Amino acid sequence: MYTSKGAIGLSFFLPIFILIFFLKHQAEASILLIPSLVVSEEYNDNFHFREDEEEDFTTRLSPILTLQYANAHIVLAVNYRGNATLYVKNKEANGYLQSLSFDIVLPSLSRTLGGIDIEITEAIDVIDELSAIPIGAAAQETFRVTGGRADATRNRFTLTVGYPWTSLHKTVLTYSNTLVRYQDQTAGISDFILNGVDIRETVALSYRAGLNAGYGVSATDFKNGSQFTVHRTSLGGQYHINSFFLVYGDLGASFISGDSRLNSEIGMSNLLEKPQLKMGYIRRVMTREGSSALLNRQVLFAEAAYSFNTNTVMVLRLDHSQEDGILGVFGKTLYDSAILTGRTRFLSWLDGSLSYSFLRRQETDVPIPTDVKSNRISMLLTASDPGWKLLD
């Protein structure tokens, strides 16, 4: 049953933070404030990502502040990021979005409990026009679909506990709680709460080979009354063929309401400084955020990075993915993307990048097939400071 009271979030995080902050036995501490500013200019020939194309220019200003506090008992980081977005034609979409996150590591508690690693993360984000692009983190950041989605506020709490049984064997248990609320729920989406538990075992067999096994369960409750639970299993490993090449993979299954689907991942990467190559195939059961739709998603990707020197690198990434509906969605959707990015460091405090991105989405096996394309060119500058010591 959906209820915002079910979100642990800040209600769990703040008491821990206050308790630690007012520890009676304070050790020597350091406080570091790290400011930075990101400025970008972007041209998009299909702003709404629809067949009736409309171009636009976008300017973004993102102030970032990180406050780090550390002593023998706790390492705490508070991160703030703003995002002011200005459009030339679509001025009604102008806005200022914000995110705030907290990260806690407890080294003293880890020592007290015999080496158990504990990390707590709380993140609060105001999200603009949630991306409907499912083709990997890099492409997802590049392509923000601005049509047909709703602004949202997301609160995510994560507790990670890890224990090294030996130098070769480690267990990691993760609990996460996510609460998402949308400003407008007329676009076929609904507020929801997601609770998930994952456990993962990793074992190093030798300096070349390793094994991993995992089990996870996630339960999603929507405000509109729908809900579903997904169980996932996986077994995989990695192997260094030689000093230059690594292969990895895993095989598993997802179980949803009596149905089962195959999960798999296989890939290869080299360990050379230049060029760095990576390629792979991923098959997963996924959800479309904000809806009770379940999808079977397959992704084929390749990435190449070349460093001209210590300051300049060029990265090319290609993705092809396919979505097939399992529950609440029908038809097939194909995505093709290409992202070419050049990054360089002009000064010790100034970085810049220039990128070109292409995305194509084709919907088939539906009453009205669609074929949508988008091209983007963006320039980005990042000014950062190594940090100001407020206490040492």
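Residues numbered from 1 in each chain as written. Predicted model: local features only at pLDDT ≥ 70, side-chain atom pairs only at ≥ 80, totals over all residues. Heavy atoms only, no water.

### A word on unusual backbone geometry
- Even without being glycine, Phe-49 reaches a positive phi, approximately 55 degrees.
- With respect to the helices and strands, Phe-49 occurs in the loop between strand S1 (30-44) and strand S2 (56-70). (Helix = DSSP H or I, 4+ residues; strand = E, 2+ residues; numbered from the N terminus.)

### Looking at the side chain of His-48
- Structurally, the position occupied by His-48 is in the loop between S1 and S2.
- Among the polar contacts made by the side chain of His-48, one reaches the side chain of Glu-54 at a distance of 3.5 Å. (Polar contact = N/O pair within 3.5 Å; in protein donor to acceptor, adjacent residues only side chain to side chain.)

### Some thoughts on the environment of Ile-256
- Counting through the fold element by element, Ile-256 comes out in strand S11 (residues 245-256).
- Since its relative accessible area comes to 4%, Ile-256 is described here as buried.
- If sequence neighbours within four positions are ignored, Ile-256 has contacts with Thr-229, Val-230, Arg-261, Val-285 and Leu-294. (Buried < 20%, exposed > 50% of the residue type's maximum accessible area, 1.4 Å probe, protein only. Contact = heavy atoms within 4.5 Å.)

### What to know about the confidence of the model for the protein
- Across the protein, the average pLDDT comes to 83, with 83% of residues at or above 70.
- Per-element confidence in the protein is highest for strand S8 (residues 192-204), whose mean pLDDT is 95, and lowest for helix H3 (residues 137-142), whose mean pLDDT is 40.
- Long-range and interchain partners of residues 5-12, a stretch whose pLDDT sits below 50, account for 16 contacts in this model, where long-range means more than four residues apart.
- Contacts for the low-pLDDT stretch residues 129-149, under 50 throughout, to residues beyond four places or in other chains number 57 contacts. (pLDDT = per-residue confidence, 0-100.)

### Considering the nonpolar core
- Among the nonpolar cores identified, the biggest contains eleven residues, and these are Ala-152, Val-180, Tyr-182, Ile-189, Phe-192, Phe-222, Phe-228, Val-230, Ile-256, Val-285 and Leu-294.
- Elements with a minimum of two residues in this core: strand S7 (169-182) and strand S10 (227-240).
- With sequence-adjacent residues up to four places away left out, Val-285 is seen in contact with Arg-232, Ser-254, Ile-256, Arg-261, Asn-263, Leu-294, Leu-295, Asn-296 and Ile-326. (Core = buried A, V, L, I, M, F, W, Y, C linked by side-chain atoms within 4.5 Å.)

### Observations regarding the pattern of salt bridges
- Scanning all chains against the criterion turns up twelve salt bridges.
- With a shortest N-O distance of 3.4 Å, Asp-52 and Arg-50 are connected by a salt bridge.
- Residue class for Arg-50 comes out partly exposed when judged on its relative accessible area of 37%.
- Across the pair Asp-250 and Arg-284 runs a salt bridge whose closest N-O atoms are separated by 3.6 Å. Within this pair, whereas Asp-250 is found in strand S11, its partner Arg-284 is found in strand S13 (residues 276-287), the two being separated by 34 residues in sequence.
- On the accessibility criterion, Arg-284 (21% relative accessible area) is partly exposed.
- Each member of the salt-bridge network shares a partner with another, and the members are Glu-42, Arg-60 and Arg-376. (Salt bridge = Lys/Arg side-chain N within 4 Å of Asp/Glu carboxyl O.)

### Quick look at the packing of aromatic side chains
- Counted according to the given criterion, the structure contains seven aromatic pairs.
- Ring geometry for Tyr-163 versus Trp-165: centroids 4.8 Å apart, planes at 85 degrees, classification edge-to-face.
- For Tyr-163, a relative accessible area of 28% gives the class partly exposed.
- Ring centres of Phe-222 and Phe-228 lie 6.0 Å apart, and the angle between their planes is 45 degrees; on these two criteria the pair is classed as tilted.
- Take Phe-228: its relative accessible area is 7%, and that puts it in the buried class.
- The structure contains a cluster of three or more aromatic residues connected by ring pairs, namely Phe-192, Phe-222 and Phe-228. (Phe/Tyr/Trp six-rings, centres within 6.5 Å; stacked < 30°, edge-to-face > 60°.)

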